Amino acid sequence: MSLLPDVDFAIDDIVNEMIVMDGSEDAVKLNLEKVKLNKSVKTKIEEEFKNVLTLLDWNNQAYEIVRKWYIDGRLYYHIILDDARKEKGILELRYIDPRQIRKIREIDREVDQDTGIELVSVKDEYFTYNAKGIQFNAPNSYSSVATIGGIKITTDCVCYTHSGIVDKYSASILSHLHKAIKPINQLKMMEDA
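Since this is a predicted model, take the numbers as computed values, not measurements.

A. How the structure looks around the packing of aromatic side chains. For the structure on display, the rule yields four aromatic pairs. Taking 5.6 Å as the distance between ring centres and 20° as the angle between the ring planes, the aromatic pair formed by tyrosine 76 and tyrosine 160 counts as stacked. Taken together, the residues span a long stretch of sequence, with tyrosine 76 in strand 1 (residues 74-81) and tyrosine 160 in strand 6 (residues 158-162) at a distance of 84 residues. What makes tyrosine 76 buried here is its relative accessible area of 8%. On the numbers, 5.9 Å between centres and 70° between planes, the contact of tyrosine 77 with tyrosine 95 is edge-to-face. Of this pair, tyrosine 77 sits in strand 1 while tyrosine 95 sits in strand 2 (residues 90-96), and the two are 18 residues apart along the sequence. Residue tyrosine 77 is classed as buried on the basis of its relative accessible area of 11%. Members of the aromatic cluster, joined through ring pairs, are Tyr76, Phe127 and Tyr160. Directly above the ring of tyrosine 95 sits lysine 68, whose terminal nitrogen or CZ lies 4.0 Å from the centroid. Here lysine 152 stacks its cationic end above the ring of tyrosine 126, 4.4 Å away from the centre of that ring.

Here's what the structure looks like:
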């Protein structure tokens, strides 16, 4: 949908309003004034925040990052660490296409003998990555059904954020463009007519 000219122009306008780049200041800042922490801890948090912005190349790539998030409704990054030298921190953040990764929750269900209530507990939680794309075996985003093929990645190695818009029926994450599907289809039909 984002490839259609009318939608593309609208997305450009929206992202341009979201990202304001000024050569003298950073586009984003971390405000820890109301956080009750030691000054040394706040300093370390601010340093790591600046490091993450550097790893993302935020000042040069902010527009593309926000555009991907707006269109897909999700952003995933693989966090690269050096296990031998953990004091070096995060070495690299690699973008992962949201169509190639999926969060999996394996759950155990038991029925309490005394109350008869079904108890649900999380047995394992991880991400599955497949360069060919993920096969969706269940309608929701958190599945107990394993996907076909792929690499298992621990949750600590993936940083992700989503749009916050969740379909109430399937519990899947939606993009901000989801509401535009019907109007753009109507516009295409009117143009074709």
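B. Summary view of helix 2 (residues 39-56). A rise of 1.5 Å per residue sets the reference length of helix 2, with its 18 residues, at 26 Å; its end C-alpha atoms lie 26 Å apart and thus fit the reference within 8%. Three or more residues of helix 2 are buried, namely Lys42, Leu53 and Leu56. The buried residues of helix 2 occupy an angular sector of 70° when the element is viewed end-on, so they sit on one face. In this structure, helix 2 carries Lys44, Glu47 and Thr54 as exposed residues pointing more than 90 degrees from its buried face. Where helix 2 is buried, its residues meet helix 3 (58-72), strand 1 and strand 2. Aspartate 57, located one to two residues past helix 2, shows a positive phi value of around 55°.

Conventions we followed
Residues numbered from 1 in each chain as written. Predicted model: local features only at pLDDT ≥ 70, side-chain atom pairs only at ≥ 80, totals over all residues. Heavy atoms only, no water. Phe/Tyr/Trp six-rings, centres within 6.5 Å; stacked < 30°, edge-to-face > 60°. Helix = DSSP H or I, 4+ residues; strand = E, 2+ residues; numbered from the N terminus. Buried < 20%, exposed > 50% of the residue type's maximum accessible area, 1.4 Å probe, protein only. Lys NZ or Arg CZ within 6 Å of the ring centre and 35° of its normal. Expected span 1.5 Å × (residues − 1). Arc of directions from axis to C-beta. Contact = heavy atoms within 4.5 Å.

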